[in-house]
Amino acid sequence: MKSEQDLNYDILKMTMTIEELFPELSKYIGEMPVKILDSRDTEMNIEDLLSYYSSLDAVLKNYASYHTGLKAF
């Protein structure tokens, strides 16, 4: 399983990719629900981060497949 730090890096990378390739999606990223993480519960943080990353990934893949023909994400 990935560490909290690795997941934060992956989320940052995914967010930067979205902003670079599809800046019009940036407004939707800000609207995605994100739990306030309690640093005392690492296991819950990792689950929340995985969920958020999966949401970003789904938005990117779905949007890219309909707007550019890119299916390699």
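Residues numbered from 1 in each chain as written. Predicted model: local features only at pLDDT ≥ 70, side-chain atom pairs only at ≥ 80, totals over all residues. Heavy atoms only, no water.

Caption draft 1: Seen up close, the overall build of the chain. Helices and strands together make up the secondary structure of the chain, namely three helices and zero strands. The buried share among the 73 residues of the chain stands at 27%. Considering only residue pairs separated by 6 or more positions, the chain has 62% of its internal contacts joining residues 24 or more positions apart. Carbon and sulfur atoms provide 55% of the accessible area of the chain, an area that totals close to 5400 Å². (Helix = DSSP H or I, 4+ residues; strand = E, 2+ residues; numbered from the N terminus. Buried < 20%, exposed > 50% of the residue type's maximum accessible area, 1.4 Å probe, protein only. Contact = heavy atoms within 4.5 Å. Areas by Shrake-Rupley, 256 points an atom, 1.4 Å probe, with all protein chains shown as cover.)

Caption draft 2: Main features of the confidence of the model for the chain. Here the chain averages 82 in pLDDT, and 77% of its residues register 70 or above. When pLDDT is averaged over each helix and strand of the chain, the minimum, 84, is found for helix 2 (residues 26-29) and the maximum, 93, for helix 1 (residues 4-21). (pLDDT = per-residue confidence, 0-100.)

Caption draft 3: Expanded view of the packing of aromatic side chains. This model, assessed by the stated rule, comprises one aromatic pair. An angle of 75° between the planes, with centres 5.3 Å apart, marks the rings of F22 and Y63 as edge-to-face. Within this pair, whereas F22 is found in the loop between helix 1 and helix 2, its partner Y63 is found in helix 3 (residues 42-67), the two being separated by 41 residues in sequence. Assigned by exposure class, F22 and Y63 land together as buried. (Phe/Tyr/Trp six-rings, centres within 6.5 Å; stacked < 30°, edge-to-face > 60°.)

Caption draft 4: Region of the structure containing the environment of L56. Relative to the elements of secondary structure, L56 occurs in helix 3. Accessibility expressed as a relative area gives 0% for L56, which makes it buried. Expressed as a C-alpha distance, the spacing of L56 and M14, which sit 42 residues apart in the sequence, is 7.1 Å. Among all residues touching L56, those that are not within four sequence positions of it are I11, M14, T15, I18, I29 and M32.

Caption draft 5: Examining the side chain of D10 more closely. The topology assignment puts D10 in helix 1. Dropping the residues within four chain positions of it, D10 is found in contact with K2 and Y53.

Caption draft 6: Examining the nonpolar core more closely. One finds I18, F22, Y52 and L56 to be the most contacted residues of the largest nonpolar core, which totals 15 residues. Listed by contribution, the elements that provide at least two residues to this core are helix 1 and helix 3. By residue number, the principal contributor to this core is helix 3, which donates seven residues. (Core = buried A, V, L, I, M, F, W, Y, C linked by side-chain atoms within 4.5 Å.)

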